[in-house]
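Summary of the model geometry
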Amino acid sequence: MKIAVLSGKGGTGKTFVSVNLAVATQNATYIDCDVEEPNGHLFLKPEHIQANPVHTLLPDFNTDKCTGCRKCVDFCRFNALAFIKGKPKVFPEICHSCGGCVLVCPAGAVAEHGHPVGRIEHGAFGDVSVVTGVLNLGEASAVPVIRAALAEGLTGERHTVIDCPPGSGCPVLESVSASDYCVLVAEPTAFGLHNLQMVVEMVRLLKKSCGIVINKMEDPYEPLEGFCRQSGIRVLCRIPYSETLAKLNAAAQIAYEHDESSRVLFDTLLQRIEAEVKL
Amino acid sequence: MKKLLILSGKGGTGKTTTAAAFIGFAKAEAFADCDVDAPNLHLVVQMDTKPEQTTYYGSQKATIQPEKCVGCGLCANTCRFHAIRFEAGRYAVNEYACEGCGVCAYVCPQQAVTLEADIAGIQALYRGKRVFSTATLRMGRGNSGKLVAAVKTALSEAAPDKELAIIDGSPGIGCPVIASISGVDMVLIIAEPSLSGFSDLKRILKTAAILGTRTVVCVNKADVSLENTEAIEQFCEAHGIPFVGRIPYDHQASMAINVGMSLADVPCPARDALQKVYAQTMKQLQGGAA
Amino acid sequence: MIIAIPVNENNAEPSICVSFGRAPWFLFHNTVTDETQIIKNPAANAEGGAGIKAAQFVVDHTANVLITVRGGENAAEVLLAADIQIYKAQGRTARENLSAFTEGKLEKLESFHAGFHHKQ
């Protein structure tokens, strides 16, 4: 069972829910796909970490073979190539690594080399296998690192919890792509509802089953409750706002390990998700 | 025009709430929402004009013409983005994964693949006494950086003589954040006093530094962990980053937002704290090097 | 020599465009023949890499000098590698800038802004 935990809005509690679900499940894998700002590792504090770099490909131009035909420059739809003083030149942060210039060169003058964009760290916390994707600072695109994190974590048959980035753009789509079920963590506020609606649309387009967890609830927020009813999406549980949980979270402590009611809550949530997935 | 950008690194720290409050305090007549992935500012700034809407075209997307396709699969094998799959007896392009590179069109021996214009979002510009520029990116589209740049350009062009522009940014450190930082006079980072928030703060600070932008920091929901708030304040001091204040957790804040009100109009502890943060931020913005 | 200027209009008195990469037109003035051409900028609607494409366009038109309000670091790299001198624009119109250049009143453009990173 592969569960993606997402929210649209940031700060609703994706990492809180993902980390605790992973700990509640036996022998789970936790994959942190929020590669721009990964946080799960702060709670899980994994040990025996192995790190591997993630590369994208950049073109190299062999000036001996280059005939100056400029087919590479003309082909590149991203304008990542310029032709200066008889030589092609690539601008790395614009290049999408599509390999087009390599293909169109009639003289075989274009090869590719690996350019590091991030790393994948793989460690363990008890019986939880912890995979963290980290994007290098200054790199614009999270997607290659997310892909590598999923490739590292999704080997084998373990139950997996995928902690997704905020928003509903490309990084989220990539993170959700391999999942069987999506847990949408919603915050009972106007902003939370607005962004939840965007991810529900996305999840529906991807034809994924989903359920909602309402987090940090003080009083029921009727527009959110109404939206859940109308859209027919099951509310899996409602987690009350609690200063205890806020403080545990601030100190990067795992609620499941320190708070009895959280243990009960996440055991129940896990059972409900398993029941939903079986349907 | 002096441009103040509000960022956070971590999501959910209070960027939009702060932006809305600052707009009220400053009686700002120019503001923008650069969180094109998940824009929220329009929910709290009450504009009384209808916006001008512009379609935003992103990169082109590939389409396979089924009548020409012979099913050789060369496109799918060459696509670096896993954007072409064999489904229901034919090869088809996944519009969410396609990056519009044109390699599939190049390799197809039947010339069955074309690249077409793709609507990637909608830009909205409200023009009146106040100018508000915002946009929404369509599901799963990239090019968020270019749309962010377009939102800022629309604001500068529609309100060139306004003194101050407040820009609500997005979480993270990637493309849309980098695009929003370009050309602003100062960044205010809203930090959260948790270990996650502190970790994310360091990454966004480094990102702003790489781009050479002046940055100031405040902590929201400071009383959730005074220990972490202290640590953040000390970190800023050690690194020469002006710390512009603390805002307490205030239940009334979300109640106000939920009814579309800016905190500038709601008497509460958060507002009082925000006013002080605003004063300090403006002092830094006006007093700083151009 | 050939002087290139990014401009907003294709008419007799075009105003200088604040953007280099996405300027709608480029004006090319030949100081030897005293001829002026205004050509559409192929990079005006580029998704990304507009500065690079516009710079390539200016290089391909054998310009020796570029007068611009500002430019990105990628564009600058292309232009400088092709030995094009870059000057900072003054005033509002292309004509004013051409006169100012001839009179030696323009200064070199020394600082270039970071790219907008339009990669997804």
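Residues numbered from 1 in each chain as written. Chains lettered and ligands numbered in written order. Predicted model: local features only at pLDDT ≥ 70, side-chain atom pairs only at ≥ 80, totals over all residues.

**Describing the overall build of chain B**
To keep it simple, the criterion reads: Where helices and strands are cited, they refer to DSSP runs of H or I of at least four residues and of E of at least two residues respectively, numbered from the N terminus. We call two residues in contact when their backbone-placed C-beta atoms lie within 7 Å.
The helix and strand inventory of chain B stands at 9 helices and 13 strands. Based on the C-alpha atoms only, the size of chain B along its principal axes is roughly 70 × 40 × 40 Å. Within chain B, residue pairs in contact and separated by at least 24 positions form 76% of the contacts whose partners lie at least 6 positions apart.

**Points about the overall build of chain A**
To be explicit about the condition: Any residue whose C-beta has 12 or fewer other C-beta atoms within 10 Å is treated as exposed, any with 20 or more as buried, and any in between as partly exposed, C-beta atoms being built from the backbone.
Within chain A, the secondary structure is distributed over 11 helices and 11 strands. Projected onto its principal axes, the C-alpha coordinates of chain A cover approximately 70 × 45 × 35 Å. Taking all 279 residues of chain A together, the buried fraction comes to 54%. Long-range contacts, defined here as pairs at least 24 residues apart, represent 74% of the contacts in chain A between residues at least 6 apart.

**Let's talk about unusual backbone geometry**
Residue and element names in this part refer to chain A. Phi at H48 is positive, roughly 55°, even though this residue is not glycine. Relative to the elements of secondary structure, H48 occurs in strand β3 (residues 47-61). Judged by C-beta crowding, with 8 C-beta atoms within 10 Å, H48 ranks as exposed. Even without a glycine there, the phi angle at K216 is positive, about 60°. Structurally, K216 is set in strand β10 (residues 209-217).

**As for the sheet that holds strand β2 (residues 25-30) of chain C**
Residue and element names in this part refer to chain C. The test is simple: Between any two strands, pairing holds if DSSP finds at least two bridges. To obtain each axis, a line is fitted to C-alpha atoms, and for helices this fit is confined to the stretch in contact; angles are then taken between N-to-C directions over 0 to 180 degrees.
Spatial ordering of the open sheet is given by β3-β2-β1-β4-β5, a layout of 5 strands whose pairing is mixed. Because the sheet does not close on itself, it has two edges, and the strands there are β3 (35-40) and β5 (85-88). Averaged over all adjacent pairs, the angle separating strand axes in this sheet is 25°, with direction ignored. Relative to β5, strand β4 (residues 65-68) runs parallel, the two being bridged by 4 bridges. Each residue of the ladder has a partner; that of L66, found in β5, is I86. Across the sheet, helix α3 (residues 94-102) lies against β1 (2-7), β2, β4 and β5, angled at about 150° from β1, the strand it touches most.

**Details of the interface of chain A and chain B**
Selection rule: Ten residue types, Ala, Val, Leu, Ile, Met, Phe, Trp, Tyr, Cys and Pro, are classed as nonpolar, four, Asp, Glu, Lys and Arg, as charged, and the remainder, Gly among them, as polar.
With 49 residues of chain A at the interface, the matching set in chain B holds 48 residues. The biggest single contributor to the side of chain A that touches chain B is helix α7 (residues 190-205) of chain A, with 8 residues. Class assignment of the residues belonging to the side of chain A that touches chain B gives a composition of 23 nonpolar, 19 polar and 7 charged.

**Regarding the domain arrangement of chain B**
As a measure of interface size, the accessible area lost when the parts come together is often cited. Our working definition: What counts as a domain boundary in this text is fixed by an automatic or database domain assignment.
Entries for chain B in the domain assignment read domain 1 (2-57 + 121-287) and domain 2 (61-117). Distance from the C-alpha centre of domain 1 of chain B to the C-alpha centre of domain 2 of chain B: 40 Å.

**Quick notes on the sheet that holds strand β11 (residues 235-240) of chain A**
Residues and elements named next belong to chain A. Reading across the sheet, the 9 strands line up as β3-β6-β7-β2-β8-β1-β9-β10-β11 and stay open at both edges, with mixed pairing between neighbours. At either margin of the open sheet sits one strand with a lone partner, and together these are β3 and β11. Neighbour to neighbour, the strand axes of the sheet diverge by 20° on average, direction disregarded. Relative to strand β7 (residues 128-135), strand β6 (residues 110-125) runs antiparallel, the two sharing 8 bridges. Residue pairing for β7: H122 is matched across the bridge by V131. Contacts between α7 and the sheet are confined to β1 (2-6), β9 (181-186) and β10, with β9 contributing the most and set at about 170° to the helix.

**Topic: the confidence of the model for chain B**
Convention followed: Confidence scores labelled pLDDT are given residue by residue by the predictor and lie between 0 and 100.
Confidence along chain B averages 91 in pLDDT terms, with 99% of residues attaining 70 or more. What the predictor reports for the complex is a pTM of 0.83 with an ipTM of 0.85.

**Observations regarding the packing of helix α1 (residues 15-26) of chain B against helix α9 (residues 269-287) of chain B**
Residues and elements named next belong to chain B. Basically, it comes down to this: Orientation labels follow simple angle bins: below 35 degrees gives roughly parallel, above 145 gives roughly antiparallel, 65 to 115 gives roughly perpendicular, and whatever is left gives oblique.
At a minimum axis separation of 10 Å, α1 and α9 run at an interaxial angle of 70°. As judged from the angle between their axes, α1 and α9 are roughly perpendicular. Contacts between α1 and α9 involve T18, A21, F22 and F25 on the former and, on the latter, R271, L274, Q275 and Y278.

**A few points about the interface of chain A and chain C**
Contact with chain A, which involves 14 residues of that partner, is made by 19 residues of chain C. In terms of residue count, the dominant contributor to the side of chain A that touches chain C is strand β4 (residues 81-84) of chain A (3 residues). By residue class, the composition of the side of chain A that touches chain C is 9 nonpolar, 3 polar and 2 charged.

**Description of helix α4 (residues 144-158) of chain B**
Residues and elements named next belong to chain B. Stated precisely, the cut-off is as follows: One less than the number of residues in a helix, times 1.5 Å, gives the span that helix is expected to have.
Compared with an ideal rise of 1.5 Å per residue, which puts 15 residues at 21 Å, α4 spans 21 Å between its outermost C-alpha atoms and is within 8% of the ideal. Summarising burial for α4: 11 of the 15 residues are buried, a large majority. Listed in full, the buried residues belonging to α4 are S144, G145, K146, L147, V148, A149, A150, V151, K152, A154 and L155. Buried residues along α4 sit against β2 (30-33), β3 (52-57), β8 (119-127), β9 (131-137), β10 (164-168) and α5 (175-181).

**Some remarks on the environment of V73(A)**
Residue and element names in this part refer to chain A. Positionally, V73 belongs in helix α3 (residues 71-75). Judged by C-beta crowding, with 21 C-beta atoms within 10 Å, V73 ranks as buried. Along the backbone, V73 and C228 are 155 residues apart, and their C-alpha atoms lie at a distance of 51 Å. Beyond its immediate chain neighbours, meaning those up to four positions away, V73 contacts L81, A82, F83 and P88.

**A word on the pairing of strand β11 (residues 186-191) of chain B**
Residue and element names in this part refer to chain B. Filter applied, for reference: Place the viewer so that the strands point away; then a crossover is right-handed whenever the path from the first strand over the helix to the second strand goes clockwise.
For β11, the tally of buried residues reaches 6 of 6 residues, placing the bulk of the element in the interior. Across the two faces of β11 the burial is the same, with M186, L188 and I190 and V187, I189 and A191 all buried. Taken together, the 4 bridges between strand β1 (residues 2-7) and β11 define a ladder with parallel strand orientation. Directly across from L5, in β11, lies its bridge partner V187. In this structure, β11 lies alongside strand β12 (residues 215-220), joined through 5 bridges in parallel fashion. Directly across from V187, in β12, lies its bridge partner T215. A crossover connection joins β11 to the parallel β12 through helix α6 (residues 195-210); in handedness this β-α-β unit is right-handed.

**Concerning the packing of α7(A) against helix α8 (residues 222-231) of chain A**
Describing two packed helices takes the angle between their axes plus the distance from one axis to the other. All names here are of chain A. Counted only if it meets this: It is the rotation of the near helix from the far one that decides the hand of a crossing: anticlockwise by less than a right angle makes it left-handed, clockwise makes it right-handed.
Contact geometry of α7 with α8 gives a least axis separation of 10 Å together with a crossing angle of 20°. The angle between α7 and α8 falls in the class roughly parallel. Judged by the sense of rotation from one axis to the other, the crossing of α7 with α8 is right-handed. Between α7 and α8, the contacting residues are L193, Q197 and V200 on the first element and P223, L224, F227 and S231 on the second. In terms of residue class, the contact of α7 with α8 is made up of 5 nonpolar, 2 polar and no charged.

**Re the confidence of the model for chain A**
Detail in the predicted coordinates should be disregarded across regions flagged by low pLDDT. On average, residues of chain A carry a pLDDT of 93, and 100% of them reach 70 or more. Within chain A, no element has a lower average pLDDT than α7(A), which sits at 90, and none a higher one than strand β2 (residues 29-32) of chain A, at 98.

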